[in-house]
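# Working through the structure, step by step
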Amino acid sequence: MAGAHQCLRRLKAWRKNPVSVGGALWSAAEAGHTMFVPDLDVPRTRFSRRDLLRGLAGLSLAVEAAGAANAQEETMPERPSFVLFYTDDQGYGDLGCMGAVDLSTPHLDSLAASGALLRQWYSNSPVCSPSRASVLTGRYPFHAGVRSILGGHRQATGLPPTVPTIAEALKPLGYHTAMVGKWHLGVAEEFRPHHHGFDEWYGFLAGCIDYYSHIFYWGGQPVHDLWDNNREVWDNGRYFTDVVGERAVGYIDRVAPTGDPFFLYVPFSAPHYPMHAPARYLDRFPGLPWERRIMAAMLAAVDDAVGAVLAALERHGRRGNTFVYFQSDNGPSRESRNWLDDTMTPYHGGTAGALRGHKFSLFEGGIRVPALCSWPARIPAGQVIEQPGAAMDVFPTFLRAAGGDPAAYKLDGRDFLPLVTDGAASAHEALFLEMDQQTAVRRGPWKLVLNGQLVEDEPPAAEVHLANLEDDPGERTNLAERLPELAAELRQQALQWREGVEAHWRSTWQPMARPATGHG
């Protein structure tokens, strides 16, 4: 195309002064003489005046058209690449930029500073499988076909292949796609990542593994669970979070030099149990109690892996036009199995900060999660966003940024890019959540929880709980009796939505479910 620009410049100059264009053309045409064109990379040929002028006119139009096309190409923004980081059971307060003073997460804190910290962001479920289904499909869990924690044995079913993922939506737009980390959306062959749009993948398929042996020990028979592009591999003794970081960097090193856009999904298993971390990370936090020290160490390993990925993008000159998104899948776990000494009391190594609730709960601590995004080419740095959004918003946001059309898909999520580029308001009039007998709705500052649980397997904390999150983000005060009309209105809205959930589930997914899914 540079040659076209050069020809175009010569033709424009010739129109102004036919004698002065690099010796290529001279004004004998005006006298009706024949002439030659030595500098235009054509054989030395004699032309009549009429032939030359006709040829130059045609060449001028062709070169101008090529130049216009090239100019349009130069002004069109390059398609961004995408990196989606997802952590496991990381609480709202377990990040330096979210207020933690006993942890060290400098890379994630810097990432937040380079873009937008999303302080009112939600997982679409308080447990992992439905949350992951939502972030990949742009749908509420019940629309995606996954409402509960899925099994880890090799016959376990999962995310229906009929539900498109963001990876599948980006591939027709010319994107390379890869996953490195935890899948937890089905183990049986037809539910694995390569059937959901990922060109390549490395990691495990169940809900958790031993970080060094990579064996899934929960729910019955132990099962080895480490795969490289659907081939079982053994990497005994390697700390899984380290391997995730290395494999993600390796992928960028291979794909970034091509100049092609890519989507890299990096779902860490940390800080989900078992609570494992190398000594080099534990040694960074010598003064903390064990349960907090191991949490700090595991998150430091995640942070270093994130930093390595960001450094790889910088090294290849791809950081500026890569949209990086980070969030946790749900709130912190208080399950006693987090302990490694047979302690049966609740675990408190993770924290939701000032929020009430935890994993499994629809109070804020179970569903409001640390989240942030950065895209230097488009998203202004240093923002703190106090508008609500959710994991399901990633699909339409990435797709539109890539030049795709979210309207071509059945989505519940909304494009949140105007929120972080133009200061727009949240695109959600209301956000809904459900888990077992719990149902919740957030509308503006108001949050209503029906049968909300604070302790698993115990009666609900309240049948109806209403809070104003602007004044009371920790949901400490129940306003249901003080504002009965508002409580009744939101209750009706939540119940109507929940009725639709159950009807859709019965008609669409329940007839397809197999016992291994956990769908029932």
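So, a few notes on the structure that sits alongside this text. Note that the structure is predicted; figures quoted are calculated from it, not measured. (Residues numbered from 1 in each chain as written. Predicted model: local features only at pLDDT ≥ 70, side-chain atom pairs only at ≥ 80, totals over all residues. Heavy atoms only, no water.)

## So, the overall build of the protein
A tally of helices and strands in the protein yields 13 helices and 18 strands. When burial is assessed residue by residue, the protein has 56% of its 520 residues classed as buried. Contacts spanning at least 24 positions in sequence make up 69% of the contacts within the protein whose residues lie at least 6 apart. For the protein, the computed accessible surface area is about 21,200 Å², with 52% contributed by carbon and sulfur atoms. (Helix = DSSP H or I, 4+ residues; strand = E, 2+ residues; numbered from the N terminus. Buried < 20%, exposed > 50% of the residue type's maximum accessible area, 1.4 Å probe, protein only. Contact = heavy atoms within 4.5 Å. Areas by Shrake-Rupley, 256 points an atom, 1.4 Å probe, with all protein chains shown as cover.)

## Concerning the packing of helix H7 (residues 240-255) against helix H9 (residues 290-315)
Where H7 contacts H9, the axes come no closer than 9 Å and their chain directions differ by 10°. By the criterion of interaxial angle, the relationship of H7 to H9 is roughly parallel. Here H7 contributes Thr241, Gly245, Ala248, Val249, Ile252 and Asp253 to the contact with H9, which in turn contributes Ala301, Val302, Ala305, Ala308, Val309, Ala312, Leu313 and Arg315. Residue composition of the contact of H7 with H9, by class: ten nonpolar, two polar and two charged. (Axes fitted to C-alpha atoms, helices over the stretch in contact; angles between N-to-C directions. Parallel < 35°, antiparallel > 145°, perpendicular 65-115°, else oblique. Nonpolar A, V, L, I, M, F, W, Y, C, P; charged D, E, K, R; others polar.)

## Some points on the environment of Leu469
Relative to the helices and strands, Leu469 is located in the loop between strand S18 (462-468) and helix H13 (484-509). Each C-alpha atom, one on Leu469 and one on Gly444, is 8.8 Å from the other, the two residues being 25 residues apart in sequence. With sequence-adjacent residues up to four places away left out, Leu469 is seen in contact with Tyr122, Glu364, Arg368, Arg442, Pro445, Lys447 and Glu475.

## Side note on the sheet that holds strand S13 (residues 383-385)
The pairing of strands in a sheet happens through backbone hydrogen bonds and is either parallel or antiparallel. In spatial order, the strands read S9-S8-S5-S4-S10-S1-S11-S12-S2-S13; together these ten strands make up an open sheet with mixed pairing. Edge positions in the open sheet fall to strand S9 (231-232) and S13, since each of these has one partner strand only. Pairing between strand S4 (residues 176-182) and strand S5 (residues 200-204): five bridges, direction parallel. Paired with Lys182 across the bridge in S5 is Phe204. Set on the sheet, helix H3 (residues 106-113) makes contact with strand S2 (116-118), strand S11 (322-328) and strand S12 (371-374); between it and S12 the angle comes to about 65°. Helix-sheet contacts for H7 involve S4, S5, strand S8 (227-228) and strand S10 (262-267), and the interaxial angle to S4 is about 170°. (Pairing = 2+ DSSP bridges.)

## Quick look at unusual backbone geometry
Residue Pro271 is bonded to the preceding Ala270 through a cis peptide linkage, with omega at 0°. Turning to its location among the elements, Pro271 is positioned in the loop between S10 and helix H8 (279-282). The peptide bond linking Tyr273 to Pro274 adopts the cis configuration, its omega dihedral lying at 0°. When you line up the elements, Pro274 lands in the loop between S10 and H8.

## Observations regarding the sheet that holds strand S17 (residues 446-452)
One open sheet accounts for four strands, arranged S15-S16-S17-S18; its pairing is antiparallel. The open sheet has two free edges, formed respectively by strand S15 (431-435) and S18, since each of these has just one partner strand. Averaged over all pairs of adjacent strands, the angle between strand axes in this sheet comes to 10°, irrespective of strand direction. Two strands pair when backbone bridges link them, and strand S16 (residues 438-443) and S17 are joined in this way by five bridges, in the antiparallel orientation. Bridge pairing in S17 links Arg442 to Lys447.

## So, the environment of Pro257
Mapped onto the elements of the fold, Pro257 is located in the loop between H7 and S10. When its relative accessible area of 56% is taken as the criterion, Pro257 is described as exposed. Along the sequence, Pro257 and Arg318 sit 61 residues apart, while their C-alpha atoms lie 9.1 Å from each other. Once residues lying within four places of it in the same chain are set aside, the contact partners of Pro257 are Ile252 and His316.

## Considerations on the packing of aromatic side chains
For the structure on display, the rule yields 27 aromatic pairs. Note on Phe82 and Phe398: the rings are 4.3 Å apart at their centroids and 25° apart in plane angle, and the pair reads as stacked. With Phe82 in strand S1 (residues 81-87) and Phe398 in helix H11 (residues 394-401), this pair connects stretches of sequence that are 316 residues apart. Of the residues examined, Phe82 reaches a relative accessible area of 0% and is grouped as buried. A residue is classified by how much of its surface remains accessible, and Phe398, at 0% relative accessible area, is buried. Look at Phe198 and Tyr265: their rings are 6.1 Å apart centre to centre, the planes differ by 25°, and that puts the pair in the stacked class. (Phe/Tyr/Trp six-rings, centres within 6.5 Å; stacked < 30°, edge-to-face > 60°.)

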